[in-house]
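If you want the building blocks of each chain, they are given just below.
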Amino acid sequence: MIKKLAAILPDLTPWRSSRDFRLLWVQGLVTYLGSVMALIALPLQIKELTGSPLAVGAMGAVELVPLVVFGLYGGALADAVDRRKVIVLTEAGLGVLAALLLLNALLPSPMLWPLYLVAAGVAALAGLQRPALDSLLARIVPHDQLPAAAALNALRWQAGAIGGPALAGLVVAYAGNVPAYTTTVVCFFGSVLMCRRLSPVPPVEHAAKPSLRGIAEGARYAWSRPVLLGTYAVDLAAMFFAFPNTIFPFLADELDADWALGLMYSAGAVGSLLVSLTSGWASRTPRHGLLVVFGAAGWGLAMAAAGWASNVWLVLACLGLAGAGDMLSGLGRSTIWNQTIPDRLRGRLAGIEVLSYSVGPQLGQVRAGAMAGWTGARPAIWSGGLACVAAVGLLTAALPKLVSYDARTDEDALRRRADESTGTAPATP
């Protein structure tokens, strides 16, 4: 019985073997707990100032261009400089932007335009940071521990996502925006201190300086790999059609359940957590492409059901199922990326990954906000869920190599493992 239980529980090997992984895990949890306060307070503040779903959804449009531009440049930067420095500086910049939100909230009459300005700045700094952060994992964790590390990272996110939004919803509802933004500032200050303790992560020998040519090299590599292309396309489609988080305040209004807003934001993380807590099988599963496809399709179906449901508890249950599907898809994507991409291109490909899992939600916010203003929140959610399922089906038919991916036989995965074993792609403890 104990052996069977151990087989499904999360594999803690990366936590035990890598000091930097432990440090990054804790830092990420602190950052998330601070960020979620602002992520919930910001759209609620825009809603209070405007009363418009379109104005809230417009955050996605404001964030889109900075995220694309700086995400691609951040990928090239991560391959050319010490990734730890990039993470420290951008984390400090995010803390400064949180302080600007706090100052604006302290005004007798908070202004609207600084909220959009800060949203754009956060998108730019996140675009610079995420490639360095995401490409770090393959350098600090050995190849055979990558699925376990991806599951543990997801578990960290879920730990914050379950309690964080619910707590943030209560803080904003009963204490206001000032305490929420203050918490964000304090958390980023602590995160910067922890990031400074990470080991240096210098670029590979003879790394090229950041340039358009280098970015194009990474894009050509991704385009030439149908498996990678499939992971990006499926995630982009799923988030564009079925990411309705920005209209949750309006959904809560339609269901006459304002008290459930924080639970709506955290319900998906509950479903994800259940998958993570039983993720021991992930280290023994080589067919990660199947996880990407079935997880994304499950996300869309559950979102469609959440839009149809009129009972708030049923809505929350459907959002939980959606989170479980998203976790399966994310685990598959992260494992494929880290198992197949050569280290010299890891930062630039991480920049493309940032676009695949960030641009989709930004565009999804615009789609959901615009449609909710036209049809209401519930139709905007269920129609997007059905469109997600259809898009995943079409992409699966167009890119069959994603479904057939097998880490035991894939040439890129075998080459990446060989590079690590010979020291070409080091995994520093």
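Here's what I pulled together on the structure shown here. (Residues numbered from 1 in each chain as written. Predicted model: local features only at pLDDT ≥ 70, side-chain atom pairs only at ≥ 80, totals over all residues. Heavy atoms only, no water.)

1. As for a nonpolar patch on the surface
Side chains of Val-96, Leu-100, Leu-103 and Leu-106 sit close together on the surface and give an oily, nonpolar patch of about 380 Å² of accessible area. Mapped onto the elements, Val-96 comes out in helix H5 (residues 83–106). (Patch = residues over 30% accessible without salt bridge, like charges linked within 9 Å, V, L, I, M, F, W, Y side chains within 5 Å. Areas by Shrake-Rupley, 256 points an atom, 1.4 Å probe, with all protein chains shown as cover. Salt bridge = Lys/Arg side-chain N within 4 Å of Asp/Glu carboxyl O. Helix = DSSP H or I, 4+ residues; strand = E, 2+ residues; numbered from the N terminus.)

2. Some thoughts on the pattern of salt bridges
In the structure shown here, the tally under the stated rule is six salt bridges. Residue Arg-19 pairs with Asp-20 through a salt bridge whose shortest N-O separation is 2.9 Å. What makes Asp-20 buried here is its relative accessible area of 3%. With its nearest N and O atoms 3.4 Å apart, the salt bridge here joins Asp-235 to Arg-333. Note that Asp-235 is positioned in helix H10 (residues 226–242) and Arg-333 in helix H14 (residues 312–340), a separation of 98 residues in sequence. What makes Asp-235 buried here is its relative accessible area of 3%. Look at the salt bridges and you will find they share partners, linking Asp-79, Arg-83, Glu-217 and Arg-348 into a network. (Buried < 20%, exposed > 50% of the residue type's maximum accessible area, 1.4 Å probe, protein only.)

3. Here's the deal with the nonpolar core
Met-264, Trp-299 and Leu-349 are the most contacted members of the largest nonpolar core, which has 90 residues in total. Element by element, the count of residues in this core is highest for helix H3 (residues 19–50), at nine residues. The residues touching Met-264, leaving out its near neighbours within four places in the chain, are Phe-248, Leu-251, Ala-252, Leu-255, Val-312, Leu-316 and Leu-319. Grouped together as the second largest cluster of nonpolar side chains are 25 residues, Ala-78, Leu-133, Leu-137 and Leu-152 included. (Core = buried A, V, L, I, M, F, W, Y, C linked by side-chain atoms within 4.5 Å. Contact = heavy atoms within 4.5 Å.)

4. Some points on helix H13 (residues 288–308)
With 21 residues, H13 extends 31 Å from end C-alpha to end C-alpha; this agrees with the ideal 30 Å at 1.5 Å per step. Burial analysis of H13 places 15 of its 21 residues in the buried class, which makes it a mostly covered element. (Expected span 1.5 Å × (residues − 1).)

Taken by themselves, the reported measurements are silent on function.
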